[in-house]
Amino acid sequence: MPVTAQELMAVFMSRQVNNGDYISVGTNLPVPTAGVLLAHLTHAPDAKLNILSYFTNLTDIDRFDDLTQIANPRVAKWAEAVMSMEAMVNAITRMDICFAGGIQIDRYGNTNLIGIGSDPDNLKFRGPGSVGTSTVMALVKKYYIFTNDHSPRTLVEKCDFRSTVGWDRGGADARVKLGLPGGGPQYVITPKAILDFAETTKAMRLKYVLPPASVEEIVANTGFELVIPGKIEEMKPPTEEELRVLRTRVDPKGLLRGKA
Amino acid sequence: MPVTAQELMAVFMSRQVNNGDYISVGTNLPVPTAGVLLAHLTHAPDAKLNILSYFTNLTDIDRFDDLTQIANPRVAKWAEAVMSMEAMVNAITRMDICFAGGIQIDRYGNTNLIGIGSDPDNLKFRGPGSVGTSTVMALVKKYYIFTNDHSPRTLVEKCDFRSTVGWDRGGADARVKLGLPGGGPQYVITPKAILDFAETTKAMRLKYVLPPASVEEIVANTGFELVIPGKIEEMKPPTEEELRVLRTRVDPKGLLRGKA
Amino acid sequence: MSRRNSVVIALEEAAAAIPDGAVIGIGGFVTTNKPMALLRQLMRERRKGLTVVAAPSGLEVDMMIALGMVDKLITPYVGAEAISPVGPFHSKWAGRTFRVEEVDLGTLVTCLRARFQGVPFLPVMGAVGTSLPELNPNLKWLDDPFGGPPVVVAAPVEIDVAIIHASQADRYGNVQHRGAVFVDNLIAQAANKVIVQVEKLVSNEEIRSAPTETTLPCEFVDAVVLAPYGAHPSASQNYYQLDEGLMKEYLRAGKSFLQGDTAPLEGFWKKYVDRPATHCDYLAAVGLDRLFGLGLEV
Amino acid sequence: MSRRNSVVIALEEAAAAIPDGAVIGIGGFVTTNKPMALLRQLMRERRKGLTVVAAPSGLEVDMMIALGMVDKLITPYVGAEAISPVGPFHSKWAGRTFRVEEVDLGTLVTCLRARFQGVPFLPVMGAVGTSLPELNPNLKWLDDPFGGPPVVVAAPVEIDVAIIHASQADRYGNVQHRGAVFVDNLIAQAANKVIVQVEKLVSNEEIRSAPTETTLPCEFVDAVVLAPYGAHPSASQNYYQLDEGLMKEYLRAGKSFLQGDTAPLEGFWKKYVDRPATHCDYLAAVGLDRLFGLGLEV
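Criteria and thresholds
- Residues numbered from 1 in each chain as written.
- Chains lettered and ligands numbered in written order.
- Predicted model: local features only at pLDDT ≥ 70, side-chain atom pairs only at ≥ 80, totals over all residues.
- Heavy atoms only, no water.
- Helix = DSSP H or I, 4+ residues; strand = E, 2+ residues; numbered from the N terminus.
- Rg over C-alpha atoms; globule rule 2.2 N^0.38 Å.
- Buried < 20%, exposed > 50% of the residue type's maximum accessible area, 1.4 Å probe, protein only.
- Contact = heavy atoms within 4.5 Å.
- Areas by Shrake-Rupley, 256 points an atom, 1.4 Å probe, with all protein chains shown as cover.
- Lys, Arg positive; Asp, Glu negative; His and termini not counted.
- Charge placed at Lys NZ, Arg CZ, Asp CG, Glu CD.
- Buried area = accessible area lost by both parts, 1.4 Å probe.
- Salt bridge = Lys/Arg side-chain N within 4 Å of Asp/Glu carboxyl O.
- Nonpolar A, V, L, I, M, F, W, Y, C, P; charged D, E, K, R; others polar.
- Phe/Tyr/Trp six-rings, centres within 6.5 Å; stacked < 30°, edge-to-face > 60°.
- Lys NZ or Arg CZ within 6 Å of the ring centre and 35° of its normal.
- Core = buried A, V, L, I, M, F, W, Y, C linked by side-chain atoms within 4.5 Å.
- Axes fitted to C-alpha atoms, helices over the stretch in contact; angles between N-to-C directions.
- Parallel < 35°, antiparallel > 145°, perpendicular 65-115°, else oblique.
- Left-handed = near helix turned anticlockwise from the far one by under 90°.
- Pairing = 2+ DSSP bridges.
- Right-handed = clockwise from strand over helix to strand, strands pointing away.
- Polar contact = N/O pair within 3.5 Å; in protein donor to acceptor, adjacent residues only side chain to side chain.
- Disulfide = S-S within 2.5 Å.
- Arc of directions from axis to C-beta.

1. Comments concerning the overall build of chain A
Point 1. A count of helical and extended segments in chain A gives seven helices and 14 strands.
Point 2. In terms of overall size, chain A behaves like a compact globule, its C-alpha atoms giving a radius of gyration of 18 Å where 260 residues would be expected to give roughly 18 Å.
Point 3. A principal-axis box enclosing the C-alpha atoms of chain A has dimensions of 45 × 45 × 35 Å.
Point 4. The 260 residues of chain A split such that 64% are buried.
Point 5. If you take every contact in chain A between residues at least 6 apart in sequence, the share linking residues at least 24 apart comes to 68%.
Point 6. When the accessible area of chain A is evaluated, it comes to approximately 9400 Å², of which 51% is carbon and sulfur surface.
Point 7. Here chain A carries 29 positive and 29 negative side-chain charges, and the mean point of each set is 1 Å from the other.

Next comes the structure, spelled out in C-alpha cells:
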C-alpha cells in the first residue's frame, strides 16, 4: 500500500523528536500523536511523554489500539507520575515539544481557537477556547502547528483573534521583542504540505509537498502569499523500519491509512 | 502547685483558638504549641493543625511526651495529608493563626530575625533568618508574637532590620495602606506580660501582667514606652479543666512548670 | 473531650448554599471528574445569573448555557474532545446572552493563584501578543521594572463556591482523588466555600493510611456530599468511564434545538434533569445496567 | 527497538558536574533530607565560590561557610532548631566574607517560580514593609496597574545544579520522596541540572505501582546517585532520624574555633570529610552500629 499524506505527516513529526525530549501530547490530535509514538518506539525511548496529567513511558506497549483515545484518563495505567495542572503549568519552560491546533492560522504562525467574526460579543462561530495553548506556546522550546484542513478558511491572511502568538508580525526577533521565552513555531503540518518559516522574515514558506498535493494546489488553498523556494526539496521517504513500526504498532488499525 | 507564667501564656493562647481554625504550629516554640494543643484537646477538636509539611489531627493522642519535638518529621505518623511547601505557601491566605518570634520586636509589632547591627555586610549578630515569617505574617488572618525574653534587648524602640511588618509605623490603617491582606499581630506574649495594640495608634499596650512580674518590672524591661491603661484587668485564671488537660496530657513532663 | 464534627451533608443542602448570582468554580477536566450530581441539582432548580469559573469544561457548561443559567463564563475550553470539539451552544450561542472573559489554562491558573497568594496581580506570559488582554478586563499591560519588555498581568479571580468531584473523603473532609487532581486544588484554594462530592466515604483511618494521597486536606473543604456515580455522564477516575452515548444523546438534542426542533432537548431535560427528584432517581432513569457497564477496563 | 537509558551515576561523577563558582540549589528542610553525601564530596574537594540557593538550611550550610566554599547565600534560615537556633558561623561570620541575599521562604518560592514560569518578575507580599527589598537586589517596588498600593516584585533566581535527597528512584530518574517533598520540586524545576541521591534504587515497576507517589518525574531529573544513609547526620524520611550527637560534635568544634581553639574543628574535618575517601568510608567512620541506632521508632 502506498504511503498516505497522513503517514508522511506522522513520519515527519517523528523525525523532529530527539531522544530524551519532554513532549506534551495533546488530546484529539491523532496524527501528531502517531508521530510522537513512532519516535518513541524507534529512536527516542527516553522521550518523556506527558499526556493529560500523567507522565508515561510507552516503549513497552506492543501496539496501540486507538490513536484517538490515547489522551484520556485510561492512560493512567501507564503512568510513572501523576502531576497537578499547577505543576504542569510550572513545567512548561522545560518542555521541548508541543502542538498547537487552530481554526485560523496566519502567515506568521499566529493561531486562533477563540472564534470567527469581528465582534467578540457576537461571533459568527465560537471556537472551543484557547485550552492550554496560549501559555504553552509562549514558553515551550519549540512547537508545531497542526491542521487537518489546508484551505483559505484556515490559512488566513490575519486571524480574527489570536489565542497564540507565533512570529507576531514577522521578523526573527519578533518573539524576543515580546519577551517570550519559548522558541516559537517551527513547522506547520497540513494534509497537503509541510511548511516552515523563512529565516529573516518568518513568513510561512513551503518546505515539502505531500503527495498527491501539488505546489499549485497548495498555493491555491492558502489564504495568503506563501514563500515558495526556487527549488522545493523532497521529504526523505519513510524508511522500511519507520513504516513497519507505524503500521504494525502505532497505527495497526490504519487510521492514518483511511481505514478507521 | 501554683500556675506558672508559661502555663498562663499557654492558657491565654488556647483561648485565642476557635474551633475549626487552621493553625500553623511553628518549630521550636513549645509554649505556643502547648497552647494550641490545649485548645485542640478541649474546645477546638476541629482545629486544623499544620506542622511542617503535614496536616494532622491530634485529638486521639493521649499525651505528648516532648513539646520541643512536636514539630519534626516524626509527626508524619499523625498525618492526614502531606503538602508541598509550594501548596502551603499557596494556603497562607486561608490560615487563621500563626506565631512569629523575633530577636527584636518594636512598639508596633514589627519583628526582626535578620540580625543586629547597622551594616548588613558586617552584622554584630547574625539572626537565624526570616524563615517563613515575612510572607506568613503578611497574609495570615491573625498572628501572635512570642518571645521568651522580655527585656529592652528584645523589645526595642526600632528594629535594626524588619523580617515581618506588624503595624508598620502605627495607625489602624497601617496594613491597609501597605496592601497587606493579613489581619496583623493581635498580641505579644512574653514571660512577663500579655500585650496588645491600642485601637487607633496600634502602639503596644499592656493587657495582662503574668505573675510574679509587676507593672513596674514590665515597664523597666521594655525598651520603649508601653501604653499602660488606667486600670489593668486580670487574666481570667485557668479553669480546672484547662489545667488538668495541660498538665496531664499536653505537658505531662512539666516543661512549662520548669521541670523538663 | 469534645468530638470532631462531620462535614458530610445532603446534596440538596449543598446546592442550597449556592444562590442565584453566585460565582461558582467547577473542577474536573473536560470529560472527567465533573461534579454532575451537584450541577444537576442546580439545573433542576434553574439557578440563574451564575458566573462560571471552570477548568477546561465538558458539556456540563454547554448544558448550563442552554438552560440560561450562565451570566459570565471564565474557562479555557468548552467541548468534549473527539466526541464534540465544540458543544451545540457554541454556534452563535443560540441567542443566549452572557459574557465570556477569555482565558487559556495558564491565565486561569494565574488568576486563581493571584487570589490565594493575596497579591494584586501576577504576570502571565501566555497572554502576551494574543487577543486575551483585549477580551478580558482582568488583564492589563505593565512595564518590567527589571528592564525587559512590558508584560501582561492578571488580577485575582475570586470564587464564592467551588464544586468538585473526587474519589473519596472521610467525614471530616479529607479528600483523595486517587489519581490526577487537575485544577481542583487551585479552584478550591481560590474559593470561599468548597463542596466536594465523592464516590465513597471512607474512614479517617483509611485516609491516614495513605496521607500523601490526600489531595484536599480538610482545611480546604467545607462540605462533603456522598454521590456514587455522581460524575456521570463524565468519567470518574478509578470508577467508571465516560458515557459517550448519553453525551451524544445531548448533542443530538442540542443540534435539533438549534435547527428549530425544540422537542428533543425538552425531552432530555425532562428525562435527565427535571423528572428525577433526587440523584438516585437520576441513576435509575439512566439505568443501573448501563452504569455498571461503564466500569473501567483492566 | 532501542532501550531506555539509565541515569544512575557514581557520586564522584555527580560531584564533578558541579564546578567552582556554580549556583547550587540544596533541597531538604532544616535537619531533614539534606543531600549530605553529595555535599560532603564537594566539601572533600573544597569547591570554591559557590552561590548557595537553599530551602531552610541546617548545619550543612554552616559547614560550607566554615570551609570557605560560599560566595553568596540565598536561604531563609540556617540553623538546627532546638539543637542550635543559629550555627557557629553566624557569629560575625568568623571572618568569612560572602554576600547574603535576604529572603524568607515565600520570597524564595517566588524567585524560583519566576524562573520556571518564564516571567520577568512576580509580586511577593511578604517583602512589603520589611527590610528585604533593601537587602536583596532581586527585589524592586512596582505600582499596581489595578490601582492598589505599590508591591514588591522578585526577579527569577536561576540554579545551575540542584542537589536533592529522596527515598527512592528507578534507573530512569523517577524519584519518590515517600513523604514530604518540601521545596525540592521547586528547586529542581528552577535548575538547569538536577542530581538526586537516594536511599534505595527500585524497579520501574515499583514506581509505576504508585505513580501518585512520584515527586520528581524523570523529566526533572538528570542523574541519580545511590547513597544509603546519604542524608546523615540529617534525618531521612522513612529511613532514619537525625544524629543529634554528631551535630553537637560539630557545634562544639565550631564554637571552639570561634574562641581561638582550631584543633577540634580541624579534627572534625579530618575525621568526617577528608580522611573518608568515599561515602562508604564516611559511614564506616561514623560506625554502622551508630547508624542503625538512628532507625525510626514505630
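2. As for the interface of chain D and chain A
Point 1. Taken together, the 22 residues of chain D in the interface contact 26 residues of chain A.
Point 2. A combined buried area of about 2200 Å² lies between chain D and chain A, and 47% of that area is made up of carbon and sulfur atoms.
Point 3. Taken together, the connections running from chain D to chain A amount to three salt bridges.
Point 4. One salt bridge connects Arg 208 of chain D with Glu 80 of chain A, and the closest N-O pair in it is separated by 3.8 Å.
Point 5. Listed by contribution, the elements that provide at least two residues to the side of chain D that touches chain A are α4 (105-117), α6 (184-189) and α7 (204-209) of chain D.
Point 6. At three residues, α7 of chain D tops the list of elements feeding residues into the side of chain D that touches chain A.
Point 7. Taken together, the residues of the side of chain D that touches chain A sort by class into nine nonpolar, nine polar and four charged.

3. Structural notes on the packing of aromatic side chains
Aromatic ring pairs: the centre-centre distance and the angle between the two ring planes describe each pair.
Point 1. Under the criterion given, the structure shown has 32 aromatic pairs over all chains.
Point 2. When the ring of Tyr 229 of chain C is compared with that of Tyr 240 of chain C, the centres are 4.8 Å apart and the planes differ by 20 degrees; the resulting orientation is stacked. Of this pair, Tyr 229 of chain C sits in the loop between β12 (223-226) and α8 (244-258) while Tyr 240 of chain C sits in the loop between β12 and α8, and the two are eleven residues apart along the sequence.
Point 3. The class for Tyr 240 of chain C is buried, based on a relative accessible area of 2%.
Point 4. When the ring of Tyr 272 of chain C is compared with that of Tyr 282 of chain C, the centres are 6.2 Å apart and the planes differ by 65 degrees; the resulting orientation is edge-to-face. Of this pair, Tyr 272 of chain C sits in helix α9 (residues 263-274) while Tyr 282 of chain C sits in helix α10 (residues 279-286), and the two are ten residues apart along the sequence. Of the two residues, Tyr 272 of chain C and Tyr 282 of chain C, neither departs from the other in class, the shared state being buried.
Point 5. Members of the aromatic cluster, connected to one another through ring pairs, are Phe 12, Phe 99, Tyr 144, Tyr 187 and Tyr 208 of chain A.
Point 6. Here the basic side chain of Arg 4 of chain C rests over the ring of Tyr 172 of chain C, its NZ or CZ set 3.9 Å away from the ring centre.

4. Details of the nonpolar core
Point 1. In this structure, Leu 112 of chain C together with Leu 112 of chain D are the most contacted members of the largest nonpolar core, which totals 276 residues.
Point 2. Discounting residues that sit within four places of it in the chain, Leu 112 of chain D has contacts with Val 53, Val 157, Ile 159, Val 183, Leu 186, Ile 187 and Ala 190 of chain D.

5. Points about the packing of helix α2 (residues 30-41) of chain A against helix α7 (residues 240-250) of chain A
A pair of packed helices is characterised by two quantities: the angle between their axes and the separation of those axes.
All names here are of chain A.
Point 1. Two elements in contact, α2 and α7, have axes whose closest approach is 10 Å; the angle formed by their N-to-C orientations is 110 degrees. Here α7 runs roughly perpendicular to α2, going by the angle between their axes. Regarding α2 and α7, the two cross each other, and that crossing is right-handed. Facing α2, whose interface residues are Ala 34, Leu 37, Leu 38 and Leu 41, α7 presents Glu 242, Val 245, Leu 246, Arg 249 and Val 250.
Point 2. Of the residues that constitute the contact of α2 with α7, the class distribution is seven nonpolar, no polar and two charged.

6. A word on the pairing of strand β2 (residues 48-51) of chain A
All names here are of chain A.
Point 1. The side-chain alternation of β2 yields two buried faces, one formed by Lys 48 and Asn 50 and the other by Leu 49 and Ile 51.
Point 2. As paired strands, strand β1 (residues 22-25) and β2 are joined by four bridges and run parallel to one another. Paired with Val 25 across the two strands is Ile 51, which belongs to β2.
Point 3. For the handedness criterion, the β-α-β arrangement of β1, α2 and β2 is classed as right-handed.
Point 4. The sheet contact formed by β2 and strand β3 (residues 54-56) spans three bridges and is antiparallel.

7. Here we look at the sheet that holds strand β7 (residues 151-154) of chain D
All names here are of chain D.
Point 1. Taking strand neighbours across the sheet as the criterion, the three strands line up as β5-β7-β6 in an open arrangement whose pairing is antiparallel. Only two strands of the sheet have a single partner each, and these edge strands are β5 (122-123) and β6 (139-142).
Point 2. Across two bridges, β5 lies against β7 in antiparallel orientation. From the neighbouring strand, Leu 122 faces β7, where its bridge partner is Ala 154.

8. Concerning the sheet that holds strand β6 (residues 139-142) of chain C
Residues and elements named next belong to chain C.
Point 1. Spatially, β5-β7-β6 is the arrangement adopted by the three strands of the open sheet, whose pairing is antiparallel. Edge positions in the open sheet fall to β5 (122-123) and β6, since each of these has one partner strand only.
Point 2. Two strands pair when backbone bridges link them, and β6 and strand β7 (residues 151-154) are joined in this way by four bridges, in the antiparallel orientation. Bridge pairing in β7 places Lys 140 opposite Val 153.

9. Regarding the pattern of salt bridges
Point 1. Under the counting rule described, the total for this entry stands at 51 salt bridges over all chains.
Point 2. Asp 96 of chain B is the salt-bridge partner of Lys 141 of chain B, the closest N and O atoms lying 3.6 Å from each other. Placement of the pair is Lys 141 of chain B in the loop between α4 (133-139) and β10 (142-146) and Asp 96 of chain B in the loop between α3 (85-90) and β5 (97-100), with a sequence separation of 45 residues.
Point 3. Ionic pairing is found between Arg 46 of chain C and Asp 274 of chain C, a salt bridge with its closest N-O pair at 2.9 Å. Here Arg 46 of chain C is found in the loop between α2 (36-44) and β2 (50-54), whereas its partner Asp 274 of chain C is found in helix α9, with 228 residues between them in sequence.

10. A few points about the interface of chain C and chain A
Point 1. Contacts between the two partners involve 43 residues from chain C, matched on the other side by 43 residues from chain A.
Point 2. Carbon and sulfur atoms supply 60% of the area buried between chain C and chain A, which totals about 3400 Å² over both sides.
Point 3. Area buried by chain C at its contact with chain A is led by Glu 81, Arg 113 and Met 125 of chain C, which between them contribute 14% of it.
Point 4. Counting across the chain C and chain A interface gives two salt bridges.
Point 5. Where Arg 113 of chain C meets Glu 86 of chain A, a salt bridge forms, and the shortest distance between an N and an O atom there is 3.0 Å.
Point 6. Applying the counting criterion to the chain C and chain A interface returns 14 residue pairs in polar contact (both at pLDDT 80 or more).
Point 7. Elements with a minimum of two residues in the side of chain C that touches chain A: α4 (105-117), α5 (132-135) and α6 (184-189) of chain C.
Point 8. With five residues, the single largest contributor to the side of chain C that touches chain A is α4 of chain C.
Point 9. Here the residues of the side of chain C that touches chain A are counted per class, giving 25 nonpolar, twelve polar and six charged.

11. Description of the state of the cysteines
Point 1. In this structure the tally under the stated criterion is zero disulfides over all chains.
Point 2. The thiol of Cys 159 of chain B is unpaired, and the distance to the nearest cysteine sulfur, on Cys 98 of chain B, comes to 18 Å.
Point 3. Judged by relative accessible area, which is 6%, Cys 159 of chain B ranks as buried.
Point 4. Free of any disulfide, Cys 218 of chain C has its nearest neighbouring cysteine sulfur in Cys 98 of chain B, separated by 17 Å.

12. Some remarks on helix α10 (residues 279-286) of chain D
All names here are of chain D.
Point 1. All of the buried residues in α10 are His 279, Tyr 282, Leu 283 and Val 286. Each buried residue of α10 lies within a common arc of 100 degrees when the element is viewed along its axis, so the set occupies one face. Of the exposed residues in α10, the ones pointing more than 90 degrees away from its buried face are Cys 280 and Ala 284.
Point 2. Against the buried residues of α10 lie α1 (11-16), α2 (36-44), α8 (244-258), α9 (263-274) and α11 (288-292).
Point 3. Phi for Gly 287, located one or two positions after α10, is positive at around 105 degrees.

13. Here we look at the side chain of His 232 of chain D
Residue and element names in this part refer to chain D.
Point 1. Considering the arrangement of structural elements, one finds His 232 in the loop between β12 (223-226) and α8.
Point 2. A relative accessible area of 0% means that His 232 is categorised as buried.
Point 3. At 2.8 Å, the side chain of His 232 forms a polar contact with the side chain of Asp 243.
Point 4. Contact partners of His 232, with chain neighbours within four places excluded, come to Met 36, Arg 40, Tyr 240, Asp 243, Leu 246, Tyr 282, Val 286, Leu 291 and Leu 294.

14. Some details on the environment of Val 273 of chain D
All names here are of chain D.
Point 1. The topology assignment puts Val 273 in helix α9.
Point 2. On the accessibility criterion, Val 273 (2% relative accessible area) is buried.
Point 3. Taking the C-alpha atoms as reference points, Val 273 and Ala 285, separated by twelve residues in sequence, lie 9.9 Å from one another.
Point 4. Apart from the residues lying within four places of it in its own chain, the contact partners of Val 273 are Arg 40, Met 43, Arg 44, Arg 46 and Phe 268.

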